[in-house]
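Residue-level structural notes
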Amino acid sequence: MNIIRYEPFGLRGLDSPFNRMFRGFVGQDDGDESNVVTSRWMPLVDVQDAGDHFLLEVDVPGVKAEDINVTMENGVLNIEGERQHAERTEEKGYSRIERSFGSFHRRFSLPETADADAIDAKVDDGVLRISIGKAKKAQPRRIEVKT
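In short, a report on the structure.

Rules and cut-offs
- Residues numbered from 1 in each chain as written.
- Predicted model: local features only at pLDDT ≥ 70, side-chain atom pairs only at ≥ 80, totals over all residues.
- Heavy atoms only, no water.
- Helix = DSSP H or I, 4+ residues; strand = E, 2+ residues; numbered from the N terminus.
- Buried < 20%, exposed > 50% of the residue type's maximum accessible area, 1.4 Å probe, protein only.
- Contact = heavy atoms within 4.5 Å.
- Areas by Shrake-Rupley, 256 points an atom, 1.4 Å probe, with all protein chains shown as cover.
- Core = buried A, V, L, I, M, F, W, Y, C linked by side-chain atoms within 4.5 Å.
- Pairing = 2+ DSSP bridges.
- Axes fitted to C-alpha atoms, helices over the stretch in contact; angles between N-to-C directions.
- Lys, Arg positive; Asp, Glu negative; His and termini not counted.
- Salt bridge = Lys/Arg side-chain N within 4 Å of Asp/Glu carboxyl O.
- Polar contact = N/O pair within 3.5 Å; in protein donor to acceptor, adjacent residues only side chain to side chain.

Attention now goes to the overall build of the chain. Secondary structure summary: the chain contains one helix and seven strands in total. Taken from the N to the C terminus, the helices and strands of the chain come in the order α-β-β-β-β-β-β-β. Buried residues in the chain amount to 20% of all 147 residues. In the chain, the proportion of contacts linking residues at least 24 apart, taken out of those at least 6 apart, comes to 50%. A total of about 12,300 Å² of accessible surface is found on the chain, and carbon and sulfur atoms cover 48% of it.

Next comes the structure, spelled out in structure tokens:
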């Protein structure tokens, strides 16, 4: 005799699509290496249009400047890096460690006005600031119509 779980509302099997939708998020490690998620943690990013340039501020506490790689190719800004895992010592009395370690990777599509030759990046107090200059727009010119 088989035991069948009673489902009063006929929702049997609906948990599977929901689980697939959230698979790959932090804490949802099911061992599937083919997930879209490319990093173990994702730093938060503020993006703003500051008039003559774009400014990205990326929270990367504990990440050294030499562990961050910023590139731009085909209008896509790539930010990748790694936060090193500190040695865990049991003698300090930790009962839980919530800091994320490992690599991260963020990508941003930039508008056509972004100037690939005018990018500056620096880390200060755990914040990576990336300034992307804007290309000079061609100024509209009035053309005289002759008769």
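A word on the nonpolar core. In terms of nonpolar packing, the biggest core is built from 16 residues, with Leu56, Val60, Leu77, Ile79, Leu128, Ile130 and Ile132 touching the most fellow members. Of all the secondary-structure elements, those providing two or more residues to this core are β2 (53–59), β4 (76–83), β5 (102–109) and β7 (127–134). When neighbours within four sequence positions are excluded, Ile130 is seen to be in contact with Phe54, Leu55, Leu56, Val70, Leu77, Ile79, Ile119, Asp120 and Ala121.

What follows is about the pairing of β2. One ladder, built from five bridges, connects strand β1 (residues 45–49) with β2; its direction is antiparallel. When the bridges of β2 are listed, Asp46 appears paired with Glu57. Here β1 hands over to β2 after three residues, with Gly51 in that stretch at a positive phi of 85°. In terms of strand pairing, β2 meets β7 through seven bridges, oriented antiparallel. Following the sheet pairing, Leu55 is matched in β7 by Ser131.

With that settled, the discussion passes to the sheet that holds β5. Read across the sheet, three strands follow the order β3-β4-β5 without closing on themselves; strand pairing throughout is antiparallel. Each end of this open sheet is capped by a strand with a single partner; those strands are β3 (68–73) and β5. Strand-to-strand, the axes of this sheet are offset by a mean angle of 15°, without reference to chain direction. Relative to β5, β4 is paired through eight bridges, and the arrangement is antiparallel.

Turning next to the side chain of Arg83. Structurally, Arg83 is set in strand β4. No salt bridge is formed by the buried Arg83, whose closest oppositely charged neighbour, Asp59, lies at an N-O distance of 8.8 Å. For Arg83, the side chain forms a polar contact with the main-chain oxygen of Pro61, separated by 2.9 Å.

Moving on: the sheet that holds β1. Spatially, β1-β2-β7-β6 is the arrangement adopted by the four strands of the open sheet, whose pairing is antiparallel. Of all the strands in the sheet, the pair left with one neighbour each is β1 and β6 (114–124). With strand direction ignored, the average angle separating the axes of adjacent strands in the sheet is 15°.

As a further point, take the pairing of β4. Side-chain positions along a regular strand alternate between the two faces of the sheet. For β3 and β4, the ladder comprises six bridges, and the chain directions are antiparallel. From the neighbouring strand, Glu73 faces β4, where its bridge partner is Val76. Between the end of β3 and the start of β4, which pair antiparallel, lie two residues, with Asn74 showing a positive phi angle near 55°.

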